[in-house]
Amino acid sequence: MELSEREPLSIWDAHVHCYPEEVIADPKGWAHGMGEKHWLDLVTNGPQGWAGPDDFIRQMDEDGIEKVLLQAWYWENPETARLQNEWHADWVNRHPDRFMASACIHPDMEDPVGELESAREWGAVAVGECLPQVQGPEGWSHPAWDTVIEWTTRAGWPITLHVTEAAGHDYPGRVETPLNELLQLFERHPEQKWLCAHWGGGLPIYSLNGKVRSLLRNVWFDSAAGPLLYDTRIWQTVIELLGPDKVIFGSDFPLLLYPGREKQPGWRRFLDEFKGSGLDDVQLEAVASANLAGLLPH
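The rules behind each value
- Residues numbered from 1 in each chain as written.
- Predicted model: local features only at pLDDT ≥ 70, side-chain atom pairs only at ≥ 80, totals over all residues.
- Heavy atoms only, no water.
- Helix = DSSP H or I, 4+ residues; strand = E, 2+ residues; numbered from the N terminus.
- Contact = heavy atoms within 4.5 Å.
- Phe/Tyr/Trp six-rings, centres within 6.5 Å; stacked < 30°, edge-to-face > 60°.
- Buried < 20%, exposed > 50% of the residue type's maximum accessible area, 1.4 Å probe, protein only.
- Lys NZ or Arg CZ within 6 Å of the ring centre and 35° of its normal.

(A) A look at the side chain of Gln59. Tracing the backbone through its elements, the reader meets Gln59 in helix α4 (residues 53-63). Those residues in contact with Gln59 that sit more than four places away from it in its chain are Phe253, Pro265, Gly266 and Trp267.

In structure tokens, the structure reads:
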């Protein structure tokens, strides 16, 4: 039976970013006040769209998105990380049937584990998006990260990693992610669940190497910002390499994924790409929602 003859495809977006109205109204002023230069470089020099929580729900309804996982940011300052947790707590409380949320962690927080415990109380189900290279000179070597990962492993929470492709075009704010460093991280923490954003910066290609493949046992990959990075063959390619259970639908909404063809953020064009990617019905359903549902703690 074709999907068109069944119930509509349930879409859970694993990778979105939401901001309060005061940030949307003056991102430059807000970023300067918070000391968040890296974030400012990205959102003012790229195809950034904006959506507050109410706009989010309206667009989700319009485009047929059932649920989203709010991703945090890899802020440069712990105060901003705590603030984002307050945003997420508020929005999850207001829309518990539509919003799931990741907790934001900065390694220089006074009590990262306490922040995680608090986040679990308000409803967080994951940590991320993480890019420690932006948060301090120690990167993943900061001792707080091992403590955080020990906690998330016990809790069954995935950690979303921002992963930038090693070969690709330059853009303001681009920070290359050393893939070998990630593999070392996976090897040190084999029971932790990892979600590599942006198709893992091409990491799935290296799964053709047996050693690399063995390290990806607890690693998943989302499709966030995919149209800005790869052509549509990426869907079938990664699934052929790793299997349909390892790919999770993510958009990076409200990023403008087709900046030459759209002025306002939305999911429809990207959903058309996904549904027309050549995946069969079982694969579509797995990527659209089932894989994320299975990855999150129950």
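Here the narrative resumes.
(B) Structural detail: the packing of aromatic side chains. A full pass over the atoms with the stated rule returns 24 aromatic pairs. Seen in terms of ring centroids, Trp140 and Trp145 are 5.0 Å apart; in terms of plane orientation they differ by 55°. Their pairing is tilted. Given a relative accessible area of 7%, Trp140 falls into the buried group. Residue class for Trp145 comes out buried when judged on its relative accessible area of 1%. Here the aromatic rings of Phe249 and Phe274 are separated by 5.3 Å at their centres, their planes lie at 50°, and the arrangement is tilted. On the criterion of sequence distance, the pair formed by Phe249 in the loop between β8 (247-248) and α12 (268-275) and Phe274 in helix α12 is long-range, its members being 25 residues apart. Linked through ring pairs, Tyr19, Trp30, Trp39, Trp50, Trp73, Tyr74, Trp75, Trp87 and Trp91 together constitute an aromatic cluster. The positively charged end of Lys246 is found above the aromatic ring belonging to Trp220, 4.3 Å away from the centroid. Over the face of the ring belonging to Tyr258 we find Arg269, whose NZ or CZ atom lies 5.7 Å from the ring centre.

(C) Highlighting unusual backbone geometry. Glu129 follows Gly128 through a cis peptide bond whose omega is 15°. Inspection of the secondary structure assignment puts Glu129 in strand β4 (residues 126-130). The omega torsion of the bond from Phe253 to Pro254 falls at 10°, within 30 degrees of zero and hence cis. Looking at where Pro254 falls in the secondary structure, it is placed in the loop between β8 and α12. Even without glycine at this site, His198 takes up a positive phi of about 60°. Residue placement: His198 occurs in the loop between β6 (194-196) and α10 (210-215). We classify His198 as buried; its relative accessible area is 6%. One non-glycine residue with positive phi stands out, namely Asp252, at about 75°. Counting through the fold element by element, Asp252 comes out in the loop between β8 and α12.

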